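Residue-level structural notes
Next come the chains, spelled out residue by residue.
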Amino acid sequence: MATLFQGLPSSTAFSSSNKFNHAPAPTSFSERKSSIVTVRSDARWSPVLNSATHKPQRLITNAVATKADSSLASTSSKPGHELLLFEALREGLEEEMERDPCVCVMGEDVGHYGGSYKVTKGLATKFGDLRVLDTPIAENSFTGMGIGAAMTGLRPIIEGMNMGFLLLAFNQISNNCGMLHYTSGGQFKIPVVIRGPGGVGRQLGAEHSQRLESYFQSIPGIQMVACSTPYNAKGLMKAAIRSENPVILFEHVLLYNLKDRIPDEEYVLSLEEAEMVRPGEHVTILTYSRMRYHVMQAAKTLVNKGYDPEVIDIRSLKPFDLHTIGKSVKKTHRVLIVEECMRTGGIGASLTAAITENFNDDLDAPIVCLSSQDVPTPYAGTLEEWTVVQPAQIVTAVEQLCQ
Amino acid sequence: MALSRIASSTHASNLLKPLSAALSIRRVISSDSTDPLTIETSLPFISHKCDAPPRAVDTSASELFSFFRDMATMRRMEIAADSLYKAKLIRGFCHLYDGQEAVAIGMEAAITKKDAIITAYRDHCIFIGRGGTLLEVFGELMGRICGGSKGKGGSMHFYRKQTNFFGGHGIVGAQIPLGCGLAFAQRYSKEENVTFTLYGDGAANQGQLFEALNMAALWDLPAILVCENNHYGMGTAEWRAAKNPAYYKRGDYVPGLKVDGMDVLAVKQACKFAKEHALKNGPLILEMDTYRYHGHSMSDPGSTYRTRDEISGVRQERDPIERVRKLLLAHDIASEKELKDIEKQVRKDVDDAIAKAKECPMPDPSELFTNVYVKGLGVESFGADRKEVRATLP
């Protein structure tokens, strides 16, 4: 199945941790958002100067960058290069494959087809059919095969065409991938990366909209990370490949076409660190993956209403970066978790427990966790929207929390 | 089980080795002689989509002697494990291999330690065959730190990285895709080695077997799938579980060979043939017709689904150690007394290993949290009581 998500979701606003930039239009704009730029699905940019005429859904918020680089110079003198998130993943992958001949990719349609989301496009021509292996549709077996290869020292990257399909490989991921290092008394390392798109997309149906991070989070011995911007996608991909532990990299179907500028120089991010998206004082909002953009959209509204939310993209789903989270909780004393998992047994549930156990004395109010509804994701567009947390709900939750 | 000697072996009888003073009998062939000896297998090989190897197996006196000693060690080890389990020193699941020793020994004789072996949970003897020591076996079974996996794996998780033994897996059939991966890595690195992936007649009905077989055949991976057919998937006889119990044929497009798994020489010949085949032509299925005397595990008496007559019948007619004993005696490589001495020595070695393992300490509580991850994450992990036991993962 090759659903290439072309359009950006209309209700998603997005920001990046770097200064936001436009490709062709040399307009500079201040952080006060005096002009609003509309991003089209084919990445053309069209500045809309009259804010009164813009549609609310096409808001782009400008997050305060954590990076020092926040100059307002025009595009042409900006360092780095621009690309889409899936291209950033591919760049990271390609760099690691060039660096280490033991790195190989296996999955359905990753080779000749180029990957159903184009993450592996062109790699088979460059590295050959054995290093970018087109597997038959046998998730359990090719995941097991990747794990067996990793036991001998290869570093395979196993792609699930959709994370939901990896449920078929759960036995291999849980029992072999996660546990072999332990049950062999440390003899075998399993340096695999298991990656793929998950999350609720655009009316993809219940079975293709699953959030597997909630199912995998209990498996001992694995690490889980979720990328959300081109910058962290490339950095996390490289870190995951270099890690000696099995890492599950969660991508999101709707984020593949995010455009951003990333540095030219090589960089590898830490797998266990969270990302400070927007420092603030009043409330800590913890989020990851696509919900980061809903949060940032809500943050804009909240700022206008006078709140100062601190937004942290937790990135590391297992283990949690309790250091960064703890520092934030000690500062703001209020926590809101916004996630796409379902309420029962999701990442938010574990995070709530972890924060309560560790930072209970620092909390002025109970932790609020906004999650998706505990239902199979419906097909109908309106129903699907109600399944997932929307920016308006985030705003309401913050207002209630900060009373 | 007719033993036939080929005429060429008679010229070996002209070799007279100098007698040592300790030996009181005149030996035709010395037990450490490496002169080639050719012996025929008990049964012909039956093949599917390939040419069967010849029945005449090249071996030597010393090799036969080592077969006897190694199989006796394995047999004694498994019997000792039985007693230890009944004495509650071994807990949980304990799957014993006695009766099937010929498969482990014959395979080792045909391959090198660079070739990989992966098997399921009936792995104690394969571990020994790959160079594991008796102390490591008993230590692991009793959960001590001297065990092969530091006591953290148990009976079903024996591994030996340095000699390419990849375990030791509890979930039926899950090791087959792993074995496919080992073969993939061998092809990727262009090593001239093969992978033997062992599974049972019960696992032969798993979907992942056929998925792995498809991939191995598609990419010409040097994988040899060995079905250790002991005719019972725990309590279910093969004819009640498989529509087609001719497991060597079930690869369809993959060639197969049916082997008498109780004849160590047949196993050796088949594995040698399989290795040559796999390096040139891709995967092959070997079906070893073997038998286990014990039940599926120590929790299974093994007599509710088969008669005691059947078990004792196989023991009398097809026992692998008895076959080699008869060969050694018939070729005058060893005397009855020498063989009995070996068995006594083996018994002593096993008892010594058990005694040493019993003295070995249990793992320290801090070992609970080691080897979860490869590098330190500084992550907090909890024991059963979250307030009592909190550890930072090393």
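Residues numbered from 1 in each chain as written. Chains lettered and ligands numbered in written order. Predicted model: local features only at pLDDT ≥ 70, side-chain atom pairs only at ≥ 80, totals over all residues. Heavy atoms only, no water.

**Some thoughts on the interface of chain A and chain B**
Listed by partner, the interface residues are 48 residues for chain A and 45 residues for chain B. In total, chain A and chain B occlude about 3,800 Å² of area from one another, counting both sides; carbon and sulfur atoms represent 64% of this. The interface formed by chain A and chain B holds zero salt bridges in total. Applying the counting criterion to the chain A and chain B interface returns 19 residue pairs in polar contact (both at pLDDT 80 or more). Put simply, the parts of the chain that give the side of chain A that touches chain B at least two residues each are β4 (103–107), β5 (132–134), α3 (139–151), α4 (170–178), α5 (180–183) and α10 (347–359) of chain A. For the side of chain A that touches chain B, a count of residues per class yields 21 nonpolar, 20 polar and seven charged. (Contact = heavy atoms within 4.5 Å. Buried area = accessible area lost by both parts, 1.4 Å probe. Salt bridge = Lys/Arg side-chain N within 4 Å of Asp/Glu carboxyl O. Polar contact = N/O pair within 3.5 Å; in protein donor to acceptor, adjacent residues only side chain to side chain. Helix = DSSP H or I, 4+ residues; strand = E, 2+ residues; numbered from the N terminus. Nonpolar A, V, L, I, M, F, W, Y, C, P; charged D, E, K, R; others polar.)

**A look at the nonpolar core**
Residues Phe216 and Ile355 of chain A together with Phe184 of chain B are the most contacted members of the largest nonpolar core, which totals 78 residues. Top element by residues in this core is helix α5 (residues 175–188) of chain B. It accounts for eight residues. With near-sequence residues (within four places) excluded, Phe184 of chain B lies in contact with Cys104, Met106, Leu130, Leu133, Met145, Ala149 and Leu154 of chain A together with Leu221 of chain B. Membership of the second largest hydrophobic core comes to 75 residues, among which are Phe67, Phe158, Leu198 and Ala357 of chain B. (Core = buried A, V, L, I, M, F, W, Y, C linked by side-chain atoms within 4.5 Å. Buried < 20%, exposed > 50% of the residue type's maximum accessible area, 1.4 Å probe, protein only.)

**Some words on the UniProt feature "domain: Transketolase-like pyrimidine-binding" (unreviewed entry) in chain A**
The sites that UniProt annotates as "domain: Transketolase-like pyrimidine-binding" (unreviewed entry) are residues 83–258 of chain A. Within the segment residues 83–258 of chain A, helix and strand shares are 36% and 18% respectively, and the terminal C-alpha atoms sit 8 Å apart. (UniProt positions renumbered as here; feature names shortened; annotations may be inferred.)

**So, the packing of helix α2 (residues 101–110) of chain B against helix α8 (residues 264–281) of chain B**
Residue and element names in this part refer to chain B. With their axes 7 Å apart at the nearest point, α2 and α8 run at an angle of 45° to one another. When the interaxial angle is binned, α2 and α8 end up oblique. Like other packed secondary-structure pairs, α2 and α8 cross with a definite hand, here right-handed. Contacts between α2 and α8 involve Ala102, Val103, Ile105, Gly106, Met107, Ala109 and Ala110 on the former and, on the latter, Val264, Val267, Lys268, Cys271 and Lys272. The residue inventory of the contact of α2 with α8, partitioned by class, reads nine nonpolar, one polar and two charged. (Axes fitted to C-alpha atoms, helices over the stretch in contact; angles between N-to-C directions. Parallel < 35°, antiparallel > 145°, perpendicular 65-115°, else oblique. Left-handed = near helix turned anticlockwise from the far one by under 90°.)

**Quick notes on the domain arrangement of chain B**
Each assigned domain of chain B is listed with its residue range as follows: domain 1 (36–363) and domain 2 (368–393). Using only C-alpha atoms to locate each centre, domain 1 of chain B and domain 2 of chain B end up separated by 37 Å. (Domains from an automatic or database assignment.)

**Observations concerning the UniProt feature "domain: Dehydrogenase E1 component" (unreviewed entry) in chain B**
When the UniProt feature table is mapped onto this chain numbering, "domain: Dehydrogenase E1 component" (unreviewed entry) sits at residues 69–365 of chain B. In residues 69–365 of chain B, the share of helix is 46% and the share of strand is 10%. The end C-alpha atoms are 39 Å apart.

**Observations regarding the packing of helix α1 (residues 61–86) of chain B against helix α11 (residues 336–359) of chain B**
Residues and elements named next belong to chain B. Between α1 and α11, the shortest axis-to-axis distance is 9 Å and the interhelical angle comes to 45°. Here α1 lies oblique to α11, going by the angle between them. The handedness of the crossing between α1 and α11 comes out as right-handed. Contact with α1, carried on its side by Phe65, Phe68, Arg69, Ala72, Thr73, Arg76, Met77, Ala80 and Leu84, involves Leu339, Ile342, Glu343, Val346, Arg347, Val350, Ile354 and Lys358 of α11 and no other residues of that element. Of the residues that constitute the contact of α1 with α11, the class distribution is 11 nonpolar, one polar and five charged.

**With respect to the sheet that holds strand β2 (residues 46–48) of chain B**
Residues and elements named next belong to chain B. Overall, mixed pairing links the six strands, which are arranged β2-β9-β10-β6-β5-β4 in an open sheet. In this open sheet, the two strands that pair with only one neighbour each are β2 and β4 (116–118). Recorded for the sheet is a direction-independent mean angle of 20° between the axes of neighbouring strands. Pairing of β4 with strand β5 (residues 195–200), which is carried by three bridges, proceeds in the parallel orientation. Within the sheet, the bridge partner assigned to Ile118 lies in β5 and is Thr197. (Pairing = 2+ DSSP bridges.)

**Describing the side chain of Asp289 of chain B**
All names here are of chain B. When you line up the elements, Asp289 lands in strand β10 (residues 284–289). Since its relative accessible area comes to 16%, Asp289 is described here as buried. Beyond its immediate sequence surroundings of up to four residues, Asp289 is in contact with Asn229, His231, Lys258, Val259, Asp260, Gly261, Met262 and Arg318.

**Focus on the domain arrangement of chain A**
All names here are of chain A. In terms of domain boundaries, chain A breaks down into domain 1 (81–263) and domain 2 (275–402). Taking only C-alpha atoms, the centre of domain 1 and the centre of domain 2 are 26 Å apart. Taken together, the contact pairs 32 residues of domain 1 with 27 residues of domain 2. When domain 1 packs against domain 2, close to 2,400 Å² is buried across both sides, 52% of that on carbon and sulfur atoms. The largest per-residue losses of area from domain 1 upon contact with domain 2 belong to Gln203, Arg211 and Gln217, which jointly make up 27% of the total buried on that side. Where domain 1 packs against domain 2, one counts one salt bridge. Across the pair Arg202 and Glu384 runs a salt bridge, and its minimum N-O distance is 4.0 Å. Between domain 1 and domain 2 we count 21 residue pairs in polar contact (both at pLDDT 80 or more) in total. Secondary-structure elements contributing two or more residues to the side of domain 1 that touches domain 2 are α6 (213–216), β8 (223–226), α7 (230–242) and β9 (247–252). In terms of residue count, β8 provides more of the side of domain 1 that touches domain 2 than any other element does, four residues in total. Per-class residue counts for the side of domain 1 that touches domain 2 are 16 nonpolar, 13 polar and three charged.

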